[in-house]
Amino acid sequence: AVIGTRFEATTEALLDADEATAILAAGASDTILGRVADVAADAGWPAVYPARTLRNAFTDTWQNREDELGGDDEALKEFRAGVDRADMDYVPVWAGEAVDLITELHDASALVGRISAEAVAALDSVPREHH
């Protein structure tokens with residue numbers, strides 16, 4: 001299972017309050033798959049592996065223009081300044097398409113317990129063949 005976004009919305013996650021609030025408020029249509037954040041942050045991440053993040057003004061401006069962005073020193077400086085001041089129009093918040101299922105913050109230990117209990121209940125509901 002890939003449940004990274006769900007663990008971002010825990011009290012232990014290394015997100016600030018605005019990022020956590022953005023995750024709680026977001027729906028699947030508020031995400032975008034692309035390389036804007038990787039290019040802007042000079043992450044060196046392979047292009048074959050784009051990231052899904054929450055959309056913001058910066059991603060909306062530069063989506064599908066990543067090559068141009070990589071050569072635009074002013075835009076890169078603007079991105080770094082925006083991230084430094086925690087401006088959500090610039091801060092990349094990684095989030096999957098199931099983000100709309102996340103409606104509240106939990107402690108990670110409580111979340112693991114809930115996931116485990118739900119998995120057991122799902123498995124127990126499946127009829128088993130007897131051999």
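Residues numbered from 1 in each chain as written. Predicted model: local features only at pLDDT ≥ 70, side-chain atom pairs only at ≥ 80, totals over all residues. Heavy atoms only, no water.

Trainee: Residue-level account of the layout of surface pockets, with values.
Mentor: Within this model, the largest pocket holds a volume of roughly 520 Å³. Around the largest pocket, the lining comprises 21 residues; the ones closest to its centre are Val2, Ile3, Thr5, Arg6 and Ala98. If you list the elements that add at least two residues to the lining of the largest pocket, you get helix H1 (4-8) and helix H7 (108-124). Ranked by residues supplied to the lining of the largest pocket, first place goes to H7 with four residues. Taken together, the residues that form the lining of the largest pocket break down as 10 nonpolar, five polar and six charged. (1 Å grid on protein atoms, 1.4 Å probe; cavity = no way out; pocket = protein on both sides within 12 Å on 5 of 7 lines; lining within 4 Å. Points joined across faces, edges and corners; volume = space filled by probe spheres on them. Helix = DSSP H or I, 4+ residues; strand = E, 2+ residues; numbered from the N terminus. Nonpolar A, V, L, I, M, F, W, Y, C, P; charged D, E, K, R; others polar.)

Trainee: Talk me through unusual backbone geometry; I want residue IDs and the actual numbers.
Mentor: Not every positive phi belongs to a glycine, and Asn64 is a case in point at roughly 70°. Tracing the chain through its elements places Asn64 in the loop between helix H4 (57-62) and helix H5 (66-70). Even without a glycine there, the phi angle at Ala86 is positive, about 60°. On the secondary structure map, Ala86 appears in the loop between helix H6 (73-84) and H7. With relative accessibility at 31%, the residue Ala86 sits in the partly exposed group. (Buried < 20%, exposed > 50% of the residue type's maximum accessible area, 1.4 Å probe, protein only.)

Trainee: Requested: an account of empty space enclosed by the protein, with residues and values cited.
Mentor: Taken as a whole and judged by the stated rule, the model has one cavity of 30 Å³ or more. In this structure, the largest cavity spans a volume of roughly 40 Å³. If you trace the largest cavity, you find it lined by Ile32, Gly34, Arg35, Val36, Ala37, Ala51, Thr53, Thr59 and Gln63. Taken together, the elements giving at least two residues each to the lining of the largest cavity come down to strand S1 (31-34), helix H3 (36-40) and strand S2 (51-54). Considering only residue class, the lining of the largest cavity consists of four nonpolar, four polar and one charged.

Trainee: So what's going on with the nonpolar core? Residues and values would help.
Mentor: The biggest cluster of nonpolar side chains holds 10 residues, and these are Val36, Val39, Ala40, Phe58, Trp62, Leu69, Ala75, Leu76, Phe79 and Tyr90. Counting residues per element, the ones that place at least two in this core are H3, H4 and H6. Excluding its chain neighbours within four sequence positions, the residues that come into contact with Ala75 are Phe58, Trp62 and Leu69. Judged by nonpolar contacts, the second largest core, of nine residues, contains Ala26, Val93, Val99 and Ile102. (Core = buried A, V, L, I, M, F, W, Y, C linked by side-chain atoms within 4.5 Å. Contact = heavy atoms within 4.5 Å.)

Trainee: Which residues make up H6, and what are the values?
Mentor: Its 12 residues place the ends of H6 16 Å apart at the C-alpha level, agreeing with the 16 Å of an ideal helix rising 1.5 Å per residue. Taken residue by residue, H6 has Ala75, Leu76, Phe79 and Gly82 as its buried positions. Along the long axis of H6, the arc covered by the buried residues comes to 125°, so they all point the same way. Among the exposed residues of H6, those pointing more than 90 degrees away from its buried face are Asp73, Glu74, Lys77 and Asp84. On its buried face, H6 sits against H3, H4 and H5. Two or three places before Glu74, at the start of H6, stands the capping residue Asp72, its side-chain oxygen 3.2 Å from that residue's backbone nitrogen. Looking one or two residues beyond H6, the residue adopting positive phi is Ala86, at roughly 60°. (Expected span 1.5 Å × (residues − 1). Arc of directions from axis to C-beta. Polar contact = N/O pair within 3.5 Å; in protein donor to acceptor, adjacent residues only side chain to side chain.)

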